[in-house]
Amino acid sequence: RGIAIDITERRQAEEALRESEEKFRNVLDNSLDMSYQLNLDTGRYDYVSPSSVEQIGYTPEEVMSHGFDTALSFIHPDDLQLLAENIGRLITANGSSSPARRVEYRLKHKVLGYRWFSDSRSIRRDEDGRPIAVVGTMRDITESKLAEEALRQSEEKFRNVLDSSLD
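Here is what the cut-offs are and how they apply
- Residues numbered from 1 in each chain as written.
- Predicted model: local features only at pLDDT ≥ 70, side-chain atom pairs only at ≥ 80, totals over all residues.
- Heavy atoms only, no water.
- Phe/Tyr/Trp six-rings, centres within 6.5 Å; stacked < 30°, edge-to-face > 60°.
- Buried < 20%, exposed > 50% of the residue type's maximum accessible area, 1.4 Å probe, protein only.
- Helix = DSSP H or I, 4+ residues; strand = E, 2+ residues; numbered from the N terminus.
- Lys NZ or Arg CZ within 6 Å of the ring centre and 35° of its normal.
- 1 Å grid on protein atoms, 1.4 Å probe; cavity = no way out; pocket = protein on both sides within 12 Å on 5 of 7 lines; lining within 4 Å.
- Points joined across faces, edges and corners; volume = space filled by probe spheres on them.
- Nonpolar A, V, L, I, M, F, W, Y, C, P; charged D, E, K, R; others polar.
- Core = buried A, V, L, I, M, F, W, Y, C linked by side-chain atoms within 4.5 Å.
- Contact = heavy atoms within 4.5 Å.
- Pairing = 2+ DSSP bridges.
- Axes fitted to C-alpha atoms, helices over the stretch in contact; angles between N-to-C directions.

Remarks on the packing of aromatic side chains
Here is step 1 of the chain: Enumeration over the complete set of coordinates arrives at 2 aromatic pairs.
Here is step 2 of the chain: For the ring pair Y36 and Y45, a centre distance of 6.1 Å and an interplane angle of 80° mean the geometry is edge-to-face.
Here is step 3 of the chain: You can call Y36 buried: its relative accessible area is 6%.
Here is step 4 of the chain: Ring centres of Y58 and F74 lie 5.4 Å apart, and the angle between their planes is 55°; this geometry places the pair in the tilted category. With Y58 in the loop between helix 2 (52-56) and helix 3 (60-65) and F74 in the loop between helix 4 (68-72) and helix 5 (80-92), the pair connects residues that are 16 residues apart, well separated along the chain.
Here is step 5 of the chain: Using a relative accessible area of 18% as the deciding quantity, one classes Y58 as buried.
Here is step 6 of the chain: Above the ring of W116, the side-chain terminus of K145 is found at 4.5 Å from the ring centroid.

Focus: the layout of surface pockets
Here is step 1 of the chain: One number sums up the size of the largest pocket: a volume of about 390 Å³.
Here is step 2 of the chain: What lines the largest pocket is a set of 25 residues, among which Y45, V63, A71, L72 and L107 lie closest to the centre.
Here is step 3 of the chain: Of all the secondary structure elements, the ones that give two or more residues to the lining of the largest pocket are strand 1 (34-39), helix 3, helix 4, helix 5, strand 3 (101-109), strand 4 (113-125) and strand 5 (131-140).
Here is step 4 of the chain: Ranked by residues supplied to the lining of the largest pocket, first place goes to helix 4 with 4 residues.
Here is step 5 of the chain: Along the lines of polarity and charge, the residues of the lining of the largest pocket split into 18 nonpolar, 3 polar and 4 charged.

Considering the nonpolar core
Here is step 1 of the chain: I56, Y105, L107 and M138 are the most contacted members of the largest nonpolar core, which totals 18 residues.
Here is step 2 of the chain: With sequence-adjacent residues up to four places away left out, L107 is seen in contact with I56, F74, I75, G113, Y114, R115, F117 and M138.

A word on the sheet that holds strand 1
Here is step 1 of the chain: Read from one edge of the open sheet, 5 strands run 2-1-5-4-3, paired in antiparallel fashion. Two strands in the sheet have a free side with no partner beyond their single neighbour: strand 2 (44-48) and strand 3. Geometrically, the sheet is characterised by an average inter-axis angle of 30° between neighbouring strands, direction not taken into account.
Here is step 2 of the chain: Helix-sheet contacts for helix 5 involve strand 3, strand 4 and strand 5, and the interaxial angle to strand 4 is about 15°.
Here is step 3 of the chain: Across the sheet, helix 6 (residues 142-165) lies against strand 3, strand 4 and strand 5, angled at about 120° from strand 4, the strand it touches most.

Below, the structure written as structure tokens:
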């Protein structure tokens, strides 16, 4: 004699979870922004979206095969302190999750040299509130940074011409 157990609800819940994960993965995999998750225990990337090829010139597999220490070597030396402070503030923030923080810095693209990136990141925590991962999205903002600099230089030239014409 056997015992019959109705597992319909469990199967439906598993299917709903699978569909939700598939939708989430599809959004990440098709975004133009590069998404990532850095495991703070291992210092390695658990996930890097396919857009990494366009954004930084490296495949997800290349990024994930190296640890965070290697990734830091691609950061412009002048921006390392800024990144360290940003992650430090995120980790020490109170609460079970940390608000996303945006930081702009230069990162060396595999082919194009240093490029400006905007990186929005937050800290994932376990049930005890311990930081376990940095989760974020980043986008190349080099063109807008160059436009800002060109505008600043143009305004400076205009100011100089105006100041000298008053003399």
